Structure formats: C-alpha cells, structure tokens
Amino acid sequence: MATYSRLPGSVALITLHNPPVNALSAAVRQGIVDAVQRALKDPKVTSVVICGQNGKFCGGADIREFAGPMLGPPLVPMIHAIEAVDKPVAAAIEGVALGGGLELALACHYRIAHSKAVLGLPEVTLGLLPGAGGSQRLPRLIGLTAALDLITTGRHVSAAEALKLGVLDQVTDSNAVDLAVEFVRSVAGQPLDSRRLSTLPCPCPPDVDSLLDKVMSKVRQRSRGALAPVACVRALRAAASLPYAQGMEKERELMATLFNSGQARALQYAFFSQRVVGKWSLPSGARWDNSTARIISKAAVIGLGTMGRGIVVALALTGISVVAVETQEKQLAEASRVVPAMLQREAGRRRLATPPGVISFSSNLQDVSEVELVIEAVFEDMSLKLQVFKHLSSVCRPGTLLCSNTSGLDIDQLAAVTQSPGLVVGMHFFAPAHVMKLLEVVYGPRSSPEAVATAMQLGKRMGKVGVAVGNCPGFVGNRMLKPYLEQANFLLEEGATPRQVDEALEEFGFPMGVFRMSDLSGLDVGWRIRKEAGLTGPGVESTRTRQGRRYSPLPDQMCEAGRLGQKTGKGWYQYDGPGGRVARSDPWVHIFLETYRAEHGLVARSITLEEILERCLYALINEGFNILQDAVAAGPEDIDAIYVFGYGWPRHRGGPMFHADQVGLGRILQRLNQHSHPDVPHLKPSTLLRRLVAAGSPPVQKWREFINKERVHSQL
Ligand SMILES: CCC[C@H](O)CC(=O)SCCNC(=O)CCNC(=O)[C@H](O)C(C)(C)COP(=O)([O-])OP(=O)([O-])OC[C@H]1O[C@@H](n2cnc3c(N)ncnc32)[C@H](O)[C@@H]1OP(=O)([O-])[O-]
C-alpha cells in the first residue's frame, strides 16, 4: 500500500509500503493512485514528495505478480498521471530506485537521492524492457548514448554517477526525504513544463543511425539469442525517432512480446533461483536460518596455481587478510609477482580501492597457524590432498575451518584424516576464481552446520552465488558434465565433427561448445582423471566398452598424440601456435576420426542438430534428476543456479531443470528412452523423472515439494 500524510508547509508525503523493497504491487499502485488524487484535490497542498518506507524507495514492479493475472491499476497510466500533476512532485530516493521504481521517479518533476542510493533499469536482466515509459523518458533526460548503455546492460549506478549523468537533481549525505520536502516547498508555484520528460526532445548524437546499428550488433553478439537486449535497442530507436506517444506505443508492443516469451519466464525464474539457493538446507535439518556463521577475518590459501591465485584475490577483495602458501619456490616467486597485479586489476574493474597489505606470501605451512579458515587449492590428487589436510590439522589452532577447492574428490575422506571432521567442507571455485560467480559449498556427512554456514557466508561476502551441495564424485556441476561430454564423444564416433557439435551448443546459447571448451581447459585434465579411475593407461585394453559401459577412447588418443588443446596449439581444433586462441578446423582431426571409425567398423551417418542437442543436453538433465533423487542438491533451483553461474548455461533458458520443464518432462522421458542403450547407463531415465511424468509433470517450482513427499513415502 501507500500512505498519505500532509506535512507542515503544504507538502503531501506519499510513502510506499511493501517490504522488503517496496515493489509496485497492485496494492501499492492503488495506494499511489489514491494518494495522488488526494494531493491533487487538497487545495492546501502545493507540492508532493514520494518516498519509500524503511529507507528503500522502490525495487520496481512486483516480479511475483508477473505469473498471475494483472490486478489493480496499471502502472503506465499511473506514472503518466503523476507527471501530469500541476503541483511539483519530487522523488526522495533512498536505498534503491530500480526498474519501475526509477520509472516512477522519472515521472516525478524532481529527483533527490541519498548518496548511498543505487539506481538502474535492470528489466533486461529479467527478459523485459523498461515498459512503464522508462525506455522513452530516460533517453529524453540523459541522451540516447547514455540511455543505451544503462538500458541494454541493466547495470546499477551509484547516486554520484546518476547525478553526473543528469538522472538526479541533487544528492545528499543526510536525509533525502527532508531535503526533498524542503526542495519542493521552495519550487512550489514555479512552471513545470520543462520538468515533464515526455514533452522533451531526445538528445541524440549526429550519427544516430550508425550508433544504433553499432549497439545493435554488439548486443546481438553479446546476448547469444536473448530477445530482451535487442528489444531494448528497438525501443530506444523509437525514442530517438518518434514523438513520445508513438514511442510509448512501440514500447508497449515490444513489452507485450517479451512479457509473454519463455525467455522472460526463464530469466525471472533465474532471479528467484539465485535467492532460493541462499536459503540453503541440509538433509540433517540444518538451514540458513537456524545455523550460525563465523565471521572470518584471517584466512589462508594453500597452493598458488591458477585456482589458488584467484581465490587469494577473491578473499583479499573482501578485506580479509590472507596467508598465501606455496611450497614450490618458483611458483611462489611467480605468484608473489602476479597476484598483487591481479588484485589491483580486479579492484579497478569493481571500482574499489585496492586493499593495502592484506596478502602475505609464504613457503611454510606453519605460517597458517593463526588463521580462522584455510582453503586448500593444491593439485587435484587425493594422496597429496590427504597429506595437506593431515598437516593442516596438526598446525592450525583448534577450531580452524579446513576447506578444499577440489572439483570432485571425496570431502568425507579428507575430513577423516583431520582432528575435527565437522569443520571440513568443500569450497569449489570456478576459474578464474576471482571473477566467476559460482561457489559450490560441499558438505560431507560429518560437516557441521556452522562450517556450511560460514562457507556460504564467506562466499556471499566475496560476491559469489553459493550453492550448498552434497558430497559425491563431481558434486553437482561436474557430475552432470560427465554424461554431456560422454555423449559429445559418442557423436564424433557416429559421424559428427567437433565443429558441428560445438555449433549446435553455441546456437543453443552456450558461450563455447564442448570441444572448444575442452581445448581451452586442456584435454589432459580429464585424461589424468580417467587414468586414476583405471579407464585408460598402460595395461588397459583398447576397447569401446570399459568397466561394463560404452566408452570412447577418442580423447585419450588425442592426448597420446600430444594434442592437449590450446596450450599445445592443437587439440580438437588447430591454433596459430601454443597458447593460440582462434580455433580453426583441422584436417588432421577429420582423418583421425575417419581412421578411428574404420578401425572400429563404425559407419559415419549424418547427425542432425536436434539429435546433438537431445543427446548432450538430455543426458545432462537426466543426471540432474538423479542428483535430485539422491538429495545431493536440495531442489532444481540449486542445479540451475550452478549451471547458469558456473557452466555457461544461457541464463535466458533458466537452467537445465527449468529447460526440462519447458520442453516437457514427457518428451524428455520419451527421447531418453529412444536414445537409451543398456551399456550407456547415463541415458537410462531416472526414477524421479518417471515419477514426475506419472504424476502429470508438475511445474519445476513444485518439484522440491514433490521430492520431499516421495521421500517421506519412500518412493525415491
Ligand atoms: C510494466 C512493468 C515495467 C517495469 O519496467 C518492470 C519492472 O520494474 S521489473 C522489476 C525491475 N526491478 C528489478 O529488477 C530489481 C530486482 N531486485 C533486486 O535487484 C534486488 O532484490 C535489490 C537490489 C532490490 C535488493 O537486493 P538485496 O538487498 O540483496 O535483497 P534480495 O535481492 O535478496 O531481495 C530481497 C527480497 O526481495 C524480493 N524482491 C526484490 N525485488 C523484487 C521485486 N521487484 N519484486 C518482487 N520481489 C522482489 C526478493 O525476491 C527477496 O525475496 P525473499 O522472499 O526475501 O527471497
């Protein structure tokens, strides 16, 4: 709702009430409409201030209402009516003015903000455009070029930047509402025509068409099939070339198309998933709201390879003092040189001051004795990690949290060699660790709620999206990746080329197909893991069935031929030289595949784009159902957040489990049955998928509840 009060000196104060962010729900819109009418009718009122309760102006339209029928007064006429008021109206912005919240402020004649306020039109990140006049008013206020930047990226800006851009009239370090009240009193009775943004022309550069074309092509390239950024540019083209009323018509048309698109639903689901995963729960009943996190101020990182360096930077950026340990002298010397530069660059990128002197380098494990938390990031080798954990357990003071950055090894085994297994968790970062948003927090059967809560909270401080996951080989992300990679290799055996597979996946929206990704990360990573698992190596027979399952030796043979990817200048593609980045098809690979097929009596067939997507993605999705069934992830949102934030799954497709819901569970089941083969267990449809289909395919938002019920009745 919104409340109305009349302050001394003829100022009406309208306050939005809808915790936590005063989103413009039907009740709030009704409250505003009523309050504005009252202010208009009251002859004693000469000016109006609109503000939000609890130091937050407004977080925009109420996203929760988008799924249902539209109730209450619509936003666009409400906003237009505010602009038309003949008494000065000021927005007093504290906290946030985002989306519809900023559009409301743009309809006001003046905007006054607290210096800590954040403003923006982030609709594009929800698959929409600023559809309450924002796409037409903002460019008229700050010019086309700046509006294109804000609207197509959805980025939030500080009050200082908003003032510089001309979005705000004044910024204060003290109470923004008091200042706004004082301000509107001082301008009461003055003409308002020039303050009504809808009446102004849109300031454009002389080469407006070429600017719009350039931005459109950049946006298309960056958005990988997302519709909203393209629609934003179209709306801004309308603002630049049409009178306001026609521009609004275009905005309405574009918004209607976006609003009903699957992409908007996917992006809004992704918004809520990100929040759902913060409210973690463990099978033991421990949860985010009944477990206490420790506040960490001193930490250590063991191992300064690529991952360790990134983790040091991520920790240092939060102001935590870090002891960075590396026992190999050469690696330590290099890290001591490179890490401070990385820290400075990243701080610059985030517009933060570089935290001074928070990192100390050491070659001695004894130096971690005083820290509160250690993150081990040594080479992915169990015997080495066990040694490190044993050692840490003896040198660290009692109560120190011991975390491993392993990407899939057994956390429980590591915990078992320490004196306090309850204080051991996995903190699985993604490369580059100071940039990538995802953090898998892996709990073993003995990890204490306090250890999980602390790792989750530390992740939040580092700006990560932390997802609590159970302990199993590969955890969630890498466990699902395995059947996906496996299918990609099988497709090569059957007649596809690396480029064909990659193009299908890139067209779906992944930034990189599976083979280009494998070249980038190095083919030897998986090779080493397969050797450790006894799947390849000396003495292992070169067959296409190993350990009772279909197996493709293709990647092993590539490694044996020295083709490790970009680092050797040759992998599934060829590059200009070692470290080269531009992938070109390599005739060698085609001959290699032909020879391989001939040796194994395989006849290449033509493979459709549809089959590539079904085989790779449905295998991955099926493993997601197995993970839910095994309670390794608490819900589909957890899996989807992991894939969106860590594995390049296109955000506008919500995540693999959301995608399964969109495709239809019945269809996924039917296609898995079709592709399924007795020696490819990953394609055998999961019990959970079957049960969901049998239950009438409830929507993804209901799966968590369904799984819990099935578990109670021991059906899973
Ligand atoms: C015609 C329409 C045109 C218009 O142009 C369209 C729009 O305005 S589109 C909208 C454009 N606006 C945006 O895109 C802004 C979206 N919001 C944000 O970016 C952040 O929430 C914000 C920065 C505001 C606060 O960050 P923070 O302090 O880290 O806090 P937090 O993030 O954890 O959220 C706390 C709780 O608030 C909830 N909630 C939040 N916003 C909304 C909402 N609009 N609605 C409903 N709920 C919302 C959120 O789910 C969470 O709920 P819960 O049950 O506690 O989990």
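What counts as what
Residues numbered from 1 in each chain as written. Predicted model: local features only at pLDDT ≥ 70, side-chain atom pairs only at ≥ 80, totals over all residues. Heavy atoms only, no water. Buried < 20%, exposed > 50% of the residue type's maximum accessible area, 1.4 Å probe, protein only. Helix = DSSP H or I, 4+ residues; strand = E, 2+ residues; numbered from the N terminus. Arc of directions from axis to C-beta. Polar contact = N/O pair within 3.5 Å; in protein donor to acceptor, adjacent residues only side chain to side chain. Contact = heavy atoms within 4.5 Å. UniProt positions renumbered as here; feature names shortened; annotations may be inferred. Near = heavy atom within 4 Å. Areas by Shrake-Rupley, 256 points an atom, 1.4 Å probe, with all protein chains shown as cover.

A. Representation of helix 27 (residues 687–694) within the structure. Burial in helix 27 covers these residues: Leu 688, Leu 689 and Leu 692. Projected onto a plane normal to the axis of helix 27, the buried residues spread over an arc of 100° and lie on a single side. Looking at where helix 27 begins, the residue whose side-chain oxygen comes 3.2 Å from the main-chain nitrogen of Leu 688 is Ser 686. Just downstream of helix 27, Gly 696 is the residue with a positive phi angle, here 90°.

B. The arrangement of the environment of Glu 486 in detail. Mapped onto the secondary structure, Glu 486 falls in helix 17 (residues 477–494). Along the primary structure Glu 486 and Cys 616 are separated by 130 residues, whereas in three dimensions their C-alpha atoms are 8.1 Å apart. Ignoring sequence-local partners within four residues, the contact set of Glu 486 consists of Arg 549, Val 680 and His 682.

C. Representation of the UniProt feature "domain: 3-hydroxyacyl-CoA dehydrogenase NAD binding" (unreviewed entry) in the protein within the structure. Mapped onto this numbering, the UniProt entry gives "domain: 3-hydroxyacyl-CoA dehydrogenase NAD binding" (unreviewed entry) at residues 298–471. Taken end to end, residues 298–471 is 38% helix and 23% strand, and its first and last C-alpha atoms sit 26 Å apart.

D. Structural context of unusual backbone geometry. A cis geometry characterises the amide bond from Pro 19 onward to Pro 20, with omega recorded as 5°. In this fold, Pro 20 is placed in the loop between strand 2 (11–16) and helix 1 (26–41). Between Ala 431 and the following residue, Pro 432, the backbone shows a cis peptide bond with an omega angle of -10°. Within the fold, Pro 432 resides in the loop between strand 15 (424–429) and strand 16 (438–443). For Phe 475, which is not glycine, the phi torsion reads 55° and is therefore positive. In this fold, Phe 475 is placed in the loop between strand 17 (465–470) and helix 17. Judged by its relative accessible area of 0%, Phe 475 falls in the buried class.

E. Representation of the site of the ligand. Around the ligand there are 26 residues in total, and Gly 100, Glu 103, Glu 123, Arg 275 and Lys 279 lie nearest to it. Within the contact set of the ligand, an oxygen atom lies 2.6 Å away from a side-chain nitrogen or oxygen of Glu 103. Contacts to the ligand include Arg 275, whose side-chain N or O atom sits 2.7 Å from an oxygen atom. Compared with its free state, where it exposes 1000 Å², the ligand has 73% of that area covered by protein. For the shell around the ligand, the secondary structure elements donating two or more residues are helix 3 (100–107) and helix 11 (262–276).

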